[in-house]
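# Chains, contacts and geometry: an overview
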Amino acid sequence: MYKTIFFFLLLLPLISFSQRINNQISYRDMNSDAYVRLSYDNDYFTGTDKYYTQGINLEVVSNSLRKNPLNFLLLRRDDKYTKYGIAVDHFGFTPTSIRSSEILQGDRPFAGNLSLKSFNVVYDAERNNIYTSSITLGVIGSRAGGEWMQTTIHEAIGDQLPIGWQFQIANDVIINYEVAVEKRLYTYYDSFLFNVSAGANAGTLSNKVHGGFNFRLGKLKPEIINEKTKGLQFYIFCESLVNAIGYDATMQGGVFNRSSPYTIAAKDIKRLTFQQNFGVVLNFRKIYLEYFQSLLTPEFRGEKMHRWGGIKIGVKL
């Protein structure tokens, strides 16, 4: 099964789906089978307040989640080392201005989504491959609390309160499935790693495929099967992705509820985009710290290139 999936994905060279918060990629591995990690994205780190404006993720990985009933939907290999986890995601999207009482035609619609994700990571040391799969369930629209979240943050920092959330994407359900594979191509002692990746995502939130590459440079632990890290890991990473977009509910509205007051027309969606992620990681004993920034080319006609940053804090259990 894994050979078939990997062969299929390799037929998609440099076509990629970009997840807003992707913690299952290898350069974010915490070298532990039990941990809690909090991720926070915001374009405030790059001096903007538009498009993908905020993302929050809380994930838990534990062997006890091996009994999660949703695992039967995920890729499994009983003979391979596997991690099991769950995560809560909350994302917010806005147009270029959050101070207009009218719909900004040709701009990104307001959208918020809240979801619960069940995932696993399978390590194949013999082939230097890492397989990930996940099932995501949630809601997009006002029930996701995007307006409440942005308003609360702006009140806390003394900024002007957002206007325009009344025009956000209408409520709809999120059911999404993702599979991906990452292959190690080259290592240089404990200092440099180079990987390629590919995957696919389908469901009511987004339909996309992906492929790309990433590297790490610094003080590393290169073993593909994770062990308890005894020493310091400190490195920089860089990832390049090209995104092929089939459907995106945060721009085009939900699949079942077509009553959104404003959406981006299918003809205006950019079917190919490029994303660059880069950052620095400190992984020492029980603590994981990361700071990163991302750059994304326009996702629809009339949009401009966008940048955001984020921090991640993890604790091994």
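Quantities reported herein were computed from a predicted structural model and do not represent experimental measurements.

## Some words on a nonpolar patch on the surface
A contiguous nonpolar patch, built from Leu232, Phe234, Leu282, Phe284, Ile287, Leu289, Ile313, Val315 and Leu317 and spanning about 740 Å² of accessible area, is present on the exposed surface. Listing elements by their share of the nonpolar patch, those giving two or more residues are strand S9 (232-248), strand S10 (272-284), strand S11 (287-296) and strand S12 (306-316). Along the chain, leucine 232 falls in strand S9.

## Concerning the nonpolar core
Counting residues in each nonpolar core, the largest one holds 30 residues, and the members touching the most others are Tyr52 and Ile140. When contributions to this core are tallied by element, the ones reaching two or more residues are strand S2 (51-61), strand S3 (81-94), strand S4 (111-124), strand S5 (129-140), S9 and S11. At four residues, S4 tops the list of elements feeding residues into this core. Within the second largest apolar cluster, seven residues are counted, among which are Ile245, Met251, Tyr262 and Phe300.

## Digging into the packing of aromatic side chains
According to the stated counting rule, one finds twelve aromatic pairs in the structure shown. Their ring planes at 85° and their centres at 5.0 Å tell us that tyrosine 52 and tryptophan 308 sit as a pair that is edge-to-face. Linking tyrosine 52 in strand S2 with tryptophan 308 in strand S12, this pair joins segments that are 256 residues apart in sequence. Across the pair, tryptophan 308 and tyrosine 52 agree in class, each one buried. Centroid distance phenylalanine 110 to tryptophan 165: 5.0 Å. Interplanar angle 55°. Geometry classified as tilted. Pair noted here: phenylalanine 110 is in the loop between S3 and S4 and tryptophan 165 is in the loop between helix H2 (146-157) and strand S6 (172-188), with a separation of 55 residues, a long-range link. Taking the relative accessible area as the measure of exposure, tryptophan 165 reaches 2% and is therefore buried.

## Section: the confidence of the model for the chain
Across the chain, the average pLDDT comes to 90, with 91% of residues at or above 70. Ranking the helices and strands of the chain by mean pLDDT puts helix H3 (residues 249-252) first, with 97, and helix H1 (residues 2-10) last, with 41.

## Details of the pairing of strand S1 (residues 35-42)
Both S1 and S2 contribute to a ladder of eight bridges, which runs antiparallel. Bridge pairing in S2 places aspartate 41 opposite glycine 55. Sheet topology places S1 next to S12; eight bridges connect them, and they run antiparallel. Counted as the bridge partner of tyrosine 40 is isoleucine 311 from S12.

## Considering unusual backbone geometry
Phi at asparagine 31 is positive, roughly 55°, even though this residue is not glycine. For asparagine 31, the position within the fold is in the loop between H1 and S1. One non-glycine residue, asparagine 128, adopts positive backbone phi at about 60°. Its place among the elements puts asparagine 128 in the loop between S4 and S5. Residue class for asparagine 128 comes out partly exposed when judged on its relative accessible area of 31%.

Conventions used here
Residues numbered from 1 in each chain as written. Predicted model: local features only at pLDDT ≥ 70, side-chain atom pairs only at ≥ 80, totals over all residues. Heavy atoms only, no water. Patch = residues over 30% accessible without salt bridge, like charges linked within 9 Å, V, L, I, M, F, W, Y side chains within 5 Å. Areas by Shrake-Rupley, 256 points an atom, 1.4 Å probe, with all protein chains shown as cover. Salt bridge = Lys/Arg side-chain N within 4 Å of Asp/Glu carboxyl O. Helix = DSSP H or I, 4+ residues; strand = E, 2+ residues; numbered from the N terminus. Core = buried A, V, L, I, M, F, W, Y, C linked by side-chain atoms within 4.5 Å. Buried < 20%, exposed > 50% of the residue type's maximum accessible area, 1.4 Å probe, protein only. Phe/Tyr/Trp six-rings, centres within 6.5 Å; stacked < 30°, edge-to-face > 60°. pLDDT = per-residue confidence, 0-100. Pairing = 2+ DSSP bridges.

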